[in-house]
Amino acid sequence: MQASVSGRWGSVGDGWWLCWPGTWFRLTPCGFRLSPEVSAKEISKGSVAMEERYEHKKQARIQEVVRTKMDCKYVREEHMIRGPHFLVRLRSHTVYENTPVQLFCTVEGFPMPIVKWYKDGLTLDLSSGRYLVETKGGIHSLEITRCCTDDTAQYTAVACNLHGQTSTQASIIVKRFKEDEETCPYAWLPYTASMLPKIHYTKIHITFTEKFGPVFSAEGGSATLSATMTLNPNLANLQPEAQWYRDETRLADSKWVKIETGRGHTALTLPNLFKDDEGLYTLRMVTKGGTAEHSAFVSVADGPPPVPGAPGAPMDIKIHDANRDYVIVSWKPPNTTTEGPILGYFVDKCEVGTENWTQCNDHPIKICKYPVSGLFEGHSYYFRVRAVNSQGISKASRMCDPIAALDPTEFERLHAKKLGGKLDVVSYHDEVEADGKPPSAPSGIYASETDRTYVVLSWKAPKYSSKAPMWYFMEKSMADSNAWQRINTQVPIRSPRYAVFDLAEGKQYQFRVLSANIYGISEPSEPTGRIETQELKGVPSAPGQVISTRETDTSVLIQWAPPKEPNNLIGYYIDQCVKGSKDWTSANHKPHKNCKFVVSGLTKGETYVFRVQAINELGLSDESQESAPLTVKAALTAPSAPYDVALLNCDGKSMVLNWKKPLDCGGSKVKEYYVDKRRSGTDMWREVHIPAVTQRLYKAEGLTDGAVYQFQVFAANLAGLGAASQHSADFSCEAWTMPEPGPAYDLSFCEVRGSSLVVEWQKPVYSGSGPITGYRVEYAKKGTSDWVTANEKSVNHRFLKVTGLEEGSRYVVRVRGVNEAGVGMASMTSDPVTAKAVEGSQEVSCVVDEKSGDIVMSFESCQMNEGSQFAWKKDYKEITDFSKGVVIKTEGSSSKLIFKNATKEDFGTYSVSVTNIEGISSSYTISAEELAKMLALSYDIRHPVIPLKSELAYKILERGRMRFWLQAEEISSNVTYKFFANNKELSGADPNKMGHDVSTGVIEFTMDHFTEENEGTFTCQITDGGGKGQSSLVLIGDAFKAALAEAEYQRREYIRVKEGPHFSEFLTLQVGDDCSVNLVCKVANLKKESQFHWYREDTEIIPDVKPDLGSGLCKLPIKLFSLKTAGVYKATISDDRGKDMSQIDISGKVFDDAINKISQLAGASAAEVVIHCTATGIQLQCHLKYYTSEMNITWVNGETKLSHSDKHVIGGTPAMATMEVIEPEGRDKGKYSIVIANPETSHKRTLDLSGDVFEKAFAEFQRLKAEAYAEKNRGKVVGGLPDVVTIMEKKTLSLTCTVCGDPKPQVSWLKNGTEVEPDDQYVVSLDQGKFASLTIKGVSMESSGRYTMIVQNKYGGESVDIVVSVYRHGEKIPEAKPTLTPKTIIPPKLPIEIPQSKSQPAPSPAPAAPSPAPPKPALGKGAKSPTPTRRK
């Protein structure tokens, strides 16, 4: 207390007392405390009334009992983890020497914080014994028992635990006791309020280095807001206190919020986001000397709904009027921008310590308030709410903090009983014994809360001193009806507070209350006045006009008029929409209370419209009218102050000044500057000039020679005038005469990279005694004075690339001009620059455009701000001359510098930078050699030869028209072309045609009639822009004849199809399912006289079945299809209108396809392999639909593929495929397979030729072989004998023939079955074993008869009959009628022995056994035997 105190002081017992007029106060270490009134006389006597002391102790005792009972009564949650927090902070004191003083503080936190004490920033030395430190629970004290002047200091208590630290400070001032002060009536006091001097707190400057920005998340996520800062001074014992707020409500550690604070850092974490967490979060760093704060909005959108279309969760659950058996729950409704309207809400409860949520209401309630009854006294509960619409039920809201169902007036009934003058017992009023009487009537009944369907009533309990318990009865009556109805008939009311439910909406009621105990019921209390339940008025009306204004480049300020009918307004929801999209989204997800809201997270440059809805407990109002469209961009502000005012020249009467432009232009270009001056040492500023300055170079004239001046500069933009710059250093107005140059100015940087940067500057205004010949650049790390010269040799241009820098280091640069006199003054040091490239920055590229041939430099900026532009320079001088074909094209974030007519003088360094953004720049250096190459390439592109995909070719079209065409790589719509034939230009007029297709690059010319006159060279010449192309086609000789023949054929074909009989389907070769092969075609446009013919190799084929011209389908079967039947087949159809022909060449692929099809069908029909023995070996047979040797058939023995040879004979008949093992042996046993393959599949059949199967087959082979050998070598008549012989009597008959056999056969003759005995008439001979004869000399009539010749050896033989007829001379020659008597075969002698010869080769395949020779025709009359008579 800092005031002059006038009163009386006194000491009583354990403390000091002050009598302020009429009242005594007890002085405590923390201040004054009001004490019950005592008389001055009692104070002076040193005694205090015992009754007052007793009353004080009684109240203390009651409070102790209350705390004990509360600890037992409530079901509490676990301790929240939280950092330290001072509930009572230290207070400063001023005391005299040799007097005691105490400092007190109270701290809370979990775990319990530890407190350390500091004196002027140093740890307090407790070992000296001068300081007493005590700790009791969370109360900490520091006592100095005997102060001295050395104890004057600032004392700090620092509390810390695992989750952070906090501190509190206080000053102790110890004053010396002076003699003249003894007369002061208050000198003996240890301290007084009037003695406290004004405390000057240490000013701590807080600068945020990293700030948290807006957060956009959804329910169920998490968010962390953190900030780092620098403190100046940064004292360990004077750390600022971090205070976090949400919508101006201070936050503390809980399970929903975690706060961490350390030196220079603080963070707030929201581990499980709900919409309740949405709002404007503010961090305040609080010190005694001031506060630094930063704010940002946290947006929490609805999480995914349990079912699509369900509403968002309600929020902001509040508990009202908690009683022993009921509570009233209220909440705020969610926004429904895209969901359907909300139909109602469900309220859930859960008892603390369990996880069983139960629904409190059976049907959805429509308002955002609900009384929950049926609670158990002394139990604690959580509550939550869910919203319902037509699509489903929302997620549950965040549960509220636990609330205990307790009687709020329970502790008002405590009573203290004095026994023997001492405080002994604390009990309830109703526990005090008294007479058995009913209680008196309650009083003061009133309605503390009124709603639509319920009223909360409160009253004053009667004085009651009975031990018997007391309760209440409540009665209600409609207003003026006087018909009282008791409400609580079953549940007694224990506390003087009760909620009456189920009332009619908008009706007037009166209530009264009665008290009761076991002895009876009191009189009713005075009834209440008319209490009217609230009438449902509906949702609020729509808010008024919505106005949006620019704020930042990502946010907009929205303001609106409140609704005319608020109807218990809760807040507002704001919706946003991109102009023209109608896709509305919520800007806030928690009702906003004010009529002003900042919408964050918008897209820069996008145009939005906004609307607002009002909310009350019944729901949402209609939408307001949409705001006017607004494009998001930063609001204009005045620019910041210019800085670094420099002196560039002085002539004794004027000074040339320069300054740096403001760091923040305020969203608008700085248009003008204002300069003020003053004499050094004075306070009065005067304008140097009236009109504004537009450049940062200004000559201040009219100055006094030798005077010292200071200057300050203001910047102005569209928003107004900015702050003044810091005044310049003292500039003396003395003429410069030094021979060296003055300082350069306007240093700027571009192309900043990790190890280099480019610095630019302006030429010094003062050049010295001679012209400037060059410049030197010096650089140093920021904070050091170690200047390094970047160029040992001065440069004559005003830019330099500084290399050799350390990436990430900060540098400053200065420039000095050089002339013949030496090195001049250094420029003002540049702003610091970090040697680090902007993330994502790119370099300039230089190419020659493939289409236009232009030389193009391109640059893509990784960042663009509003108003940013590309600035191109050559040798770091702005390009202003565009007369030579230099063009700058900018689209979005890319820019191009185009040389339309580049020359050899255009080499140099070209740079580009982006305005309004720091660090976005690049350059490209074109050397003379590189420029020459690009110019050559440009010429080739601008004078190109049009590339062709295909050269000039021709195609013969219908009607014999000739199409000449070529295809270019690419052509434009402006392409032109000409066609020539033998250097004569062809016309594209009808009937010819000429055209092109830009998309494909095809150019074509169609000649309607191609004739013999067109033989020669065809040429196409193309011109497209600067490109040209040509292609030629030579059609002479055979090539021309072929083209002409084809053209004529197509012309005839067109006429044929259009006018005469023709083939509608040309010849095709078809293979049937039975492997039959047919030639098929169809003819059309026939008449009765039409004729159809088949030809093979120009030889007509007469088919067995004539073509069916009625149906038009014609077939020609090809029997035994094989290579022998291959060839060129032709069909013709003709009549008097003309003739058509179709031709097919059955060879090559056509033949192979047919064979493959036959193989497929035959393979599928193949039967199992069977054995057939022959005289030459064992033959394996596989029967199938068709076989020809051209089929792909393979025989395999085991894994060995067999091929046709003397050992294995592979063949077959049209109905089967065979493989014969010639002269089989034991090694020929095995599994034999036949594989019938085609391109799609294969078929395999197998026979196991071994064991008994082989033995039986081999025996059969041996038998057949022997029979064949005998048949081959038996006796045989080869030829020469007639069947009938007619001869005249007395002639000589010679029957001669050739015989064969091995061994040589024996020949015998029979006549009419009787052997002919050789004699003079009958002569039998066998010459050389080959020629046998029977000669009858002088035949007679008796010589007639049947003669038989028998030829035989050991292998058998045969007999032949000859009929001899003799006639007399002069008789008619009888007609010879031969009788065809077959030869008679004589079997061999068994067993048949076959001689074995080592040198005898393997027998060749034996032919089939010959059938008996047919009888020869009889000879005519006088005919002789064909064998001449041989003489002996």
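Residues numbered from 1 in each chain as written. Predicted model: local features only at pLDDT ≥ 70, side-chain atom pairs only at ≥ 80, totals over all residues. Heavy atoms only, no water.

**Some words on the overall build of the protein**
So, step 1. When its secondary structure is counted, the protein shows 6 helices and 105 strands.
So, step 2. Here the protein holds 1432 residues, and the buried ones make up 43% of them.
So, step 3. Once local pairs closer than 6 in sequence are excluded, the contacts in the protein between residues at least 24 apart make up 64%.
So, step 4. Split by element, the accessible area of the protein, about 75800 Å² in all, is 50% carbon and sulfur. (Helix = DSSP H or I, 4+ residues; strand = E, 2+ residues; numbered from the N terminus. Buried < 20%, exposed > 50% of the residue type's maximum accessible area, 1.4 Å probe, protein only. Contact = heavy atoms within 4.5 Å. Areas by Shrake-Rupley, 256 points an atom, 1.4 Å probe, with all protein chains shown as cover.)

**Details of the sheet that holds strand E7 (residues 101-110)**
So, step 1. Sheet architecture is open: 4 strands sit in the order E5-E7-E11-E10, paired in antiparallel fashion. With one partner strand each, in any of the chains shown, strand E5 (82-88) and strand E10 (131-136) form the two edges of the open sheet. Geometrically, the sheet is characterised by an average inter-axis angle of 25° between neighbouring strands, direction not taken into account. (Pairing = 2+ DSSP bridges. Axes fitted to C-alpha atoms, helices over the stretch in contact; angles between N-to-C directions.)

**A closer look at the confidence of the model for the protein**
So, step 1. The predicted model of the protein has a mean per-residue pLDDT of 83, with 87% of residues at 70 or higher.
So, step 2. Of all secondary-structure elements in the protein, the lowest mean pLDDT belongs to strand E4 (residues 31-34), at 40, while strand E59 (residues 774-781) reaches the highest, 95.
So, step 3. Predicted confidence is poor over residues 1398-1432, with pLDDT under 50, and the contacts of this stretch with residues over four places away or in other chains come to 37 contacts. (pLDDT = per-residue confidence, 0-100.)

**A look at the packing of aromatic side chains**
One pair of aromatic rings is described through two measures. These are the centre distance and the angle between the planes.
So, step 1. Scanning the entire structure with this criterion turns up 31 aromatic pairs.
So, step 2. Ring centres of tyrosine 1269 and tyrosine 1355 lie 5.6 Å apart, and the angle between their planes is 85°; on these two criteria the pair is classed as edge-to-face. Here the residue tyrosine 1269 occupies a position in helix H6 (residues 1251-1273), and tyrosine 1355 occupies one in the loop between strand E103 (1345-1353) and strand E104 (1356-1367), the gap between them amounting to 86 residues.
So, step 3. The exposure class assigned to tyrosine 1355 is buried, which follows from its relative accessible area of 6%.
So, step 4. Through a chain of ring-to-ring contacts, the aromatic side chains of Phe1063, Phe1066, Phe1092 and Trp1094 assemble into a single cluster.
So, step 5. Positioned above the aromatic ring of tryptophan 787 is the side chain of arginine 814, whose terminal nitrogen or guanidinium carbon lies 4.0 Å from the ring centre.
So, step 6. The lysine or arginine in question, lysine 1130, covers the ring of tyrosine 1095, its NZ or CZ lying 5.6 Å from the ring centre. (Phe/Tyr/Trp six-rings, centres within 6.5 Å; stacked < 30°, edge-to-face > 60°. Lys NZ or Arg CZ within 6 Å of the ring centre and 35° of its normal.)

**Describing the sheet that holds strand E98 (residues 1293-1300)**
What holds strands together in a sheet is hydrogen bonding between their backbones, with the strands either parallel or antiparallel.
So, step 1. If you trace the 4 strands from one edge of the open sheet to the other, you get E96-E98-E102-E101, paired in antiparallel fashion. Each end of this open sheet is capped by a strand with a single partner; those strands are strand E96 (1276-1279) and strand E101 (1322-1327). Neighbouring strand axes in the sheet, compared pairwise and without regard to direction, differ in orientation by 30° on average.
So, step 2. Relative to strand E102 (residues 1331-1336), E98 is paired through 6 bridges, and the arrangement is antiparallel.

**Considering the nonpolar core**
So, step 1. Leu1069, Leu1079, Phe1092, Trp1094, Phe1121 and Ile1146 are the most contacted members of the largest nonpolar core, which has 52 residues in total.
So, step 2. Tallying contributions element by element places helix H5 (residues 1148-1165) first for this core, with 6 residues.
So, step 3. Setting aside residues up to four positions removed in sequence, phenylalanine 1121 forms contacts with Leu1069, Val1077, Ile1146, Phe1151, Ala1154, Ile1155, Ile1158, Tyr1186 and Thr1188.
So, step 4. Ile204, Phe208, Phe212 and Met285 belong to the second largest nonpolar core, which has 28 residues in total. (Core = buried A, V, L, I, M, F, W, Y, C linked by side-chain atoms within 4.5 Å.)

**Overview of the environment of phenylalanine 870**
So, step 1. Topologically, phenylalanine 870 is positioned in strand E67 (residues 870-874).
So, step 2. With a relative accessible area of 12%, phenylalanine 870 lands in the buried category.
So, step 3. Between the alpha carbons of phenylalanine 870 and isoleucine 888 there is a distance of 9.2 Å; along the sequence they are 18 residues apart.
So, step 4. Residues contacting phenylalanine 870, with those up to four places away along its chain left out, are Phe859, Ser861, Met864, Thr890, Gly892, Ser893, Ser894, Ser895, Val912, Ser913 and Val914.

**Topic: H5**
So, step 1. Taking 1.5 Å per residue as the helical rise, H5 with its 18 residues ought to reach 26 Å, and the 26 Å between its terminal C-alpha atoms agrees with that figure.
So, step 2. Turning to H5, its buried residues are Phe1151, Ala1154, Ile1155, Ile1158, Ser1159, Leu1161, Ala1162 and Gly1163.
So, step 3. Tucked into the core, H5 has its buried residues touching strand E81 (1062-1071), strand E82 (1077-1084), strand E87 (1138-1146), strand E94 (1230-1237) and strand E95 (1242-1249). (Expected span 1.5 Å × (residues − 1).)

**Let's talk about a negative patch on the surface**
So, step 1. A cluster of acidic residues, Asp651, Glu701, Asp705 and Glu734, forms a negative patch on the protein surface.
So, step 2. Residue position: aspartate 705 is located in the loop between strand E53 (697-700) and strand E54 (708-717).
So, step 3. Overall, the relative accessible area of 56% leaves aspartate 705 in the exposed class. (Patch = residues over 30% accessible without salt bridge, like charges linked within 9 Å, V, L, I, M, F, W, Y side chains within 5 Å. Salt bridge = Lys/Arg side-chain N within 4 Å of Asp/Glu carboxyl O. Lys, Arg positive; Asp, Glu negative; His and termini not counted. Charge placed at Lys NZ, Arg CZ, Asp CG, Glu CD.)

**Description of H6**
So, step 1. Over its 23 residues, H6 extends 33 Å from the first C-alpha to the last, a length consistent with the 33 Å expected when each residue adds 1.5 Å.
So, step 2. What H6 keeps buried is the set Phe1254, Ala1257, Phe1261, Leu1264, Ala1266, Ala1270, Glu1271 and Asn1273.
So, step 3. Close packing links the buried residues of H6 with strand E88 (1170-1173), strand E89 (1177-1183), E95, E96 and E103.

**Quick look at the side chain of glutamate 475**
So, step 1. For glutamate 475, the position within the fold is in strand E35 (residues 471-478).
So, step 2. Judged by relative accessible area, which is 8%, glutamate 475 ranks as buried.
So, step 3. Setting aside chain neighbours within four positions, we find glutamate 475 in contact with Trp484, Gln485, Arg486, Ile487, Gln510, Phe511, Arg512 and Leu514.

**Considering the pattern of salt bridges**
So, step 1. As enumerated under the stated definition, the model contains 46 salt bridges in all.
So, step 2. Note that arginine 1274 and glutamate 1271 form a salt bridge whose closest N and O atoms lie 3.0 Å from each other. Side by side, arginine 1274 and glutamate 1271 carry an identical accessibility label, which is buried.

**Structural notes on the environment of valine 1170**
So, step 1. Along the chain, the position of valine 1170 falls in strand E88.
So, step 2. Owing to a relative accessible area of 36%, valine 1170 belongs among the partly exposed residues under this scheme.
So, step 3. For the pair valine 1170 and leucine 1247, spaced 77 residues apart in sequence, the C-alpha to C-alpha distance is 7.5 Å.
So, step 4. Those residues in contact with valine 1170 that lie beyond four places of it in its chain are Gln1179, Leu1180, Gln1181 and His1183.

**Some points on the pairing of strand E24 (residues 326-332)**
So, step 1. With 7 of its 7 residues buried, E24 lies for the most part within the structure.
So, step 2. Here E24 shows a buried face lined by Tyr326, Ile328, Ser330 and Lys332 and a second buried face lined by Val327, Val329 and Trp331.
So, step 3. Pairing of strand E23 (residues 315-320) with E24 involves 4 bridges; the strand directions are antiparallel. Its bridge partner being in E24, lysine 318 is matched across the sheet by serine 330.
So, step 4. Counting the residues that bridge the hairpin from E23 to E24 gives 5 residues, and of these aspartate 321 lies at a positive phi of roughly 55°.
So, step 5. Two strands pair when backbone bridges link them, and E24 and strand E27 (residues 369-373) are joined in this way by 5 bridges, in the antiparallel orientation. In the strand pairing of E27, isoleucine 328 is matched with proline 371.

**Remarks on the side chain of threonine 1188**
So, step 1. For threonine 1188, the location among the structural elements is in the loop between E89 and strand E90 (1193-1197).
So, step 2. Look at threonine 1188 and you get buried, because its relative accessible area is 7%.
So, step 3. The contact partners of threonine 1188, leaving out residues within four places of it in the chain, are Phe1121, Ser1122 and Ile1155.

**Observations regarding the environment of threonine 1384**
So, step 1. Within the secondary structure, threonine 1384 sits in strand E105 (residues 1384-1386).
So, step 2. Between the C-alpha atoms of threonine 1384 and glutamate 1358, which are 26 residues apart in sequence, the distance is 5.2 Å.
So, step 3. With near-sequence residues (within four places) excluded, threonine 1384 lies in contact with Gly1357, Glu1358 and Ser1359.

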